[in-house]
Structure formats: structure tokens, C-alpha cells
Amino acid sequence: MAQKVTMRYLQLKFARKEPITMVTAYDYPSAVHVDQAGIDMCLVGDSAGMVVHGYNTTLPVTMTEMLSHCKAVKRGASKCFLVGDLPFGSYEQAPHQAVESAVSLVKEGGMDAIKLEGGNASRITAVKAIHDAGIAVIGHIGLTPQSIGILGGFRPQGLTSEGAMKLLEQALLLEAAGCFAIVLECVPSAVGAAITSSLQIPTIGIGAGPFCSGQVLVYHDLLGMMHPQHTKVAPKFCKQFAKVGDVIQEGLAKYRAEVSSGAFPCHAYTPYRINPGQTDLFLKGLESKGSLDAAQAAASARGWEETGER
Ligand SMILES: Nc1nc(=O)c2c([nH]1)NC[C@@H]1CN(c3ccc(C(=O)N[C@@H](CCC(=O)O)C(=O)O)cc3)CN21
Ligand SMILES: CC(C)C(=O)C(=O)O
Ligand SMILES: [Mg+2]
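The residue numbers shown here count from 1 along each chain, following its written sequence. Throughout, the order in which chains and ligands are written sets their labels, letters from A for the former and numbers from 1 for the latter. Side-chain atom pairs in this predicted model are given and counted only at pLDDT of 80 or more, local residue features only at pLDDT of at least 70, and totals for whole chains, interfaces and linings cover all residues. Excluded from the side-chain calculations are hydrogens and water; all other atoms, namely the structure's heavy atoms, are used.

(A) Geometry of the overall build of the protein chain. Within the protein chain, the secondary structure is distributed over 14 helices and eight strands. Dimensions of the protein chain, computed from C-alpha atoms along their principal axes, come out at roughly 85 × 40 × 35 Å. Categorising residues by exposure relies on relative accessible area from a 1.4 Å probe, with only protein chains included: less than 20% of the type maximum marks a residue as buried, more than 50% marks it as exposed, and the intermediate range marks it as partly exposed. Here the protein chain, with 310 residues, has 46% of them falling under the buried criterion. Contacts are assigned to residue pairs that have any heavy atoms within 4.5 Å of one another. Residue pairs at least 24 apart in sequence account for 58% of intrachain contacts in the protein chain once pairs closer than 6 positions are excluded. Accessible surface is estimated by sampling points in the Shrake-Rupley manner with a 1.4 Å probe; for residues, cover comes only from the protein chains shown. When the accessible area of the protein chain is evaluated, it comes to approximately 16,500 Å², of which 58% is carbon and sulfur surface. All tallies of charge rest on Lys and Arg as positive and Asp and Glu as negative; His and the ends of each chain are not included. One atom stands in for each charge, and that atom is NZ of Lys, CZ of Arg, CG of Asp or CD of Glu. Charge separation in the protein chain, taken as the distance between the mean sites of 26 positive and 27 negative side-chain charges, equals 3 Å. Numbering of helices and strands runs from the N terminus, with a helix taken as a DSSP run of H or I at least four residues long and a strand as a DSSP run of E at least two residues long.

Here it is in C-alpha cells:
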């Protein structure tokens, strides 16, 4: 019986140079699956806005929605180390706003840690304030989807020497501010390698190459499930480890066919019977009310229950 993943266990894995595994989850069933798979960390990502709410960006996601996802994941995951994403608009204004939102994801949402995007001065201040409040923080730099307004799309980052150096500086500042890990999204592997080598804390890569201390992918992406991003541009870095979407489509098609043909529900899936001796009373009751068609229908159903013949 595996144990709850703690910060100490993650640090031990990191010290042994064993890759840390992280996957997103948004609800009870995805959390149960991620937990059962023995994944180290489960991220309740604001990517929920895209993969389960159908938005084209993560910007519309609210604290209320994140809390709902966090609580559902918490009920399903008993071993994973749980990380909640601070959504766009919940931490940018002032450190006290960031602390309030972080406290809420831990206190109400049941998270073990929170993650926030960006490495500029105001984010460093926010990380410090949250860390000072006693909450474990993960940083997130490179492609930060909540900054799509200034990035100009879901574009890879750190492609120039200047851009790469800036990411390294941000990573060092986030580490100094108290982050216990940093997500690196959509950066060249050389940038991932340089940042990983410069830090004393683990890097978790997504589209950041194999030299990070761990990897994270979005649940629906790695399982091959439908969402708006897949119908347009699926991230290039994402390997589909299963085709769950095909299995779902096949199951729904079979259900539709069997209900349409009357093959479902057959005898095996019709478990309930009127109590012994009650059927005749029921039929008489219907007849005495003048409901002769209903009595006929009930009698014929009882015949089907006994013989299986319609
Ligand atoms: N389902 C899902 N998976 C993700 O990995 C993910 C989200 N949603 N939502 C938040 C961000 C957005 N992500 C993305 C989305 C698309 C690309 C992508 O395919 N980018 C292209 C360039 C597209 C452009 O130039 O506009 C690429 O070549 O990398 C990368 C990261 C990563 N994150
Ligand atoms: C892609 C990961 C890192 C994320 O932030 C999310 O799922 O929201
Ligand atoms: Mg996110």
C-alpha cells in the first residue's frame, strides 16, 4: 500500500535524480485514475478552462471554478501531492490578494501547494508573500498561457539568447523567493537543461525536453481525449499514450444502436420486480380504476419478466 506523497518524498526523488511525474486532473474520476497510477503529483490546472469547460484560453477560469475542481480532485486522490493553479485575475493585483487566493485553494480546496505563472517583479513579491504565509509554491515560466495577451499566442519561449537568459534569471529569482519547484513550459531543451542545472529545486517540464527534473502533461492530451485544443492545434510536445477518445466514441455508438433497436435494456438489466402477491392486486387496482390498457401493459410486461418473450 503506497503512502501519501510528501514534500520530503519529492525532495528525496529529486536528490536521487529520479524523474518526478505530474499529471493534471480536474474531477473525481480523473483524480482516482491519476492517484491509482502512482503519479507523484497531481495538478488541478487552470487548463480545466480549456479541456473541460471548452474555452479557447485559460483566461475565463474563476476561483469558484478552481475550488470546485480542487475539491472534486481532493475526494478522488489519496496519495498524490496535490497542486492547485491560481487562475488569471486571482493574484496579480497585490500580495494580499495572492495570499488570500492561495489560502483559499489550500483551506477550502484541500491542496498541498499552489502554482502561479510568471517571473516578473510583482510575481516574485507574490511568491514571497504566499511562502511567508506558510504555503508551498510552484513557479511556472516559459509559455505562461495566462499572458497570452502579451505573448501573442501559445508560442514557445526562450528561443533567443536574451529570452533564454531572462528565463534563467526569473527561475533563480523564483527559487530565492521560496518556490519548491518550477514548471518550464514550451522552451528548448537546452534552456530546460541550463535552468535545471542552475537550480537547487526541481524543474517540471512540459514541452521543455528530457533534462528537467520531472515532467507534466495535461490528462486529456496524454490520454487522447477530445477538447477544443485537439480539434485545432494540439500541442506538438504531447505524446498520446492512449486513444481514450476512440473508446468513448465506440461505447456511445453501441449504446445508441442498442437503445434504438430495443436490444437494451434486456432481461439482465431489468432487475426490479413487484413484490410477490402484489402484482394481481396491482392489476385489479388498475382495472377497477378503468385503466384497462395500463392493466394489459402491466400483465404483458409480467409475461416478459417470466419468459423473456415480448
Ligand atoms: N489541452 C491543453 N494542453 C496543454 O498543454 C495546455 C493547455 N491545454 N492549455 C494551456 C496551455 C496551452 N498550451 C499549448 C497549446 C498549444 C501549443 C502549440 O501547439 N503551439 C504551437 C504554436 C502555435 C502558435 O504559434 O500559435 C507550437 O508550435 O508549439 C503549445 C502549448 C499548453 N497548455
Ligand atoms: C500545463 C500545466 C503546467 C498547467 O499549468 C495547467 O494544466 O493548467
Ligand atoms: Mg495552468
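(B) Local environment of the pairing of strand β3 (residues 81-85). β3 sits mainly inside the fold: five of its five residues count as buried. Burial along β3 is two-sided: F81, V83 and D85 and L82 and G84, pointing in opposite directions, are all buried. In this scheme, strands are said to pair when DSSP sees at least two bridges between them. One ladder, built from four bridges, connects strand β2 (residues 41-44) with β3; its direction is parallel. From the neighbouring strand, C42 faces β3, where its bridge partner is L82. Pairing geometry for β3 and strand β4 (residues 113-115), over three bridges, is parallel. Counted as the bridge partner of D85 is K115 from β4. For the handedness criterion, the strands are oriented away from the viewer, and a crossover whose path from the first strand over the helix to the second runs clockwise is classed as right-handed. Regarding topology, helix α5 (residues 95-107) serves as the crossover connection from β3 to the parallel β4, and that connection is right-handed.

(C) Up close: the coordination of the magnesium ion (ligand 3). Distances from the magnesium ion (ligand 3) to its protein donors, D46 (OD) and D85 (OD), fall within 2.1 Å. Remark: D85 occurs in strand β3 and D46 occurs in the loop between β2 and α3 (48-51); sequence separation between them is 39 residues. Its relative accessible area of 5% is what places D46 among the buried residues. Because water is not among the atoms used, a metal site may look incomplete, as its donors are only the N, O and S atoms within 2.8 Å, or 3.2 Å for Na, K and Ca.

(D) Here's a closer look at the packing of aromatic side chains. Put simply, two rings from Phe, Tyr or Trp (the six-membered ring, in Trp's case) pair if the centres are within 6.5 Å, and we call them stacked under 30 degrees between planes, edge-to-face over 60, tilted for the rest. Under the defined criterion, the tally for this structure stands at three aromatic pairs. Taken together, the aromatic side chains of Y255, F264 and Y269 make up a single cluster linked through ring pairs.

(E) Region of the structure containing the packing of helix α13 (residues 278-288) against helix α14 (residues 292-307). Orientation is described by axes fitted as lines to C-alpha atoms, over the contacting stretch for helices, and by angles from 0 to 180 degrees between their N-to-C directions. Contact pair α13 / α14: the axes reach a minimum separation of 7 Å and the direction vectors enclose 160°. When the interaxial angle is binned, α13 and α14 end up roughly antiparallel. Here α13 runs over α14; the crossing is left-handed. In contact with T279, D280, F282, L283, L286 and E287 of α13, α14 contributes L292, A294, A295, A298, A299 and R302. Taken together, the residues of the contact of α13 with α14 sort by class into eight nonpolar, one polar and three charged. Under this scheme an angle from 65 to 115 degrees is roughly perpendicular, one under 35 degrees roughly parallel, and one over 145 degrees roughly antiparallel; angles in between are oblique. With the far helix as reference, a near helix turned anticlockwise by less than a right angle produces a left-handed crossing, and one turned clockwise produces a right-handed crossing. For this scheme, ten residues count as nonpolar: Ala, Val, Leu, Ile, Met, Phe, Trp, Tyr, Cys and Pro. Four count as charged, namely Asp, Glu, Lys and Arg, and the remainder, Gly too, count as polar.

(F) Examining the packing of helix α4 (residues 63-76) against α5 more closely. Interhelical geometry of α4 versus α5 gives an angle of 25° and a closest axis separation of 9 Å. One element, α4, and the other, α5, form an angle in the roughly parallel class. Relative to α5, the crossing made by α4 is right-handed. In this structure, α4 contributes M63, M66, L67 and C70 to the contact, and α5 contributes S101, S104 and L105. Looking at the contact of α4 with α5 residue by residue, the classes come out as five nonpolar, two polar and no charged.

(G) Quick peek at the environment of E306. Take E306: it is sitting in helix α14. Look at E306 and you get exposed, because its relative accessible area is 62%. For the pair E306 and S47, spaced 259 residues apart in sequence, the C-alpha to C-alpha distance is 52 Å.

(H) Spotlight on the domain arrangement of the protein chain. Residue ranges assigned to the domains are those given by an automatic or database domain assignment. For the protein chain, the assigned domains are domain 1 (7-244) and domain 2 (260-307). Here the C-alpha centroids of domain 1 and domain 2 sit 56 Å apart.

(I) Molecular detail of the site of ligand 2. Close contacts around ligand 2 come from T24, L43, G45, D46, S47, D85, K115, H140, V183, I206 and V218, and that covers them all. D46 has a polar side-chain atom sitting 2.8 Å from an oxygen atom of ligand 2. In the model, an oxygen atom of ligand 2 is placed 2.9 Å from a nitrogen or oxygen of the D85 side chain. Contact with the protein chains hides 95% of the accessible area of ligand 2, taken as 260 Å² for the molecule alone. Residues are labelled near a given molecule or strand when at least one of their non-hydrogen atoms is within 4 Å of it. For this analysis, a polar contact is any N or O atom pair within 3.5 Å, provided that within protein one partner can donate a hydrogen and the other can accept it, and provided that sequence-adjacent residues contribute only side-chain to side-chain pairs.

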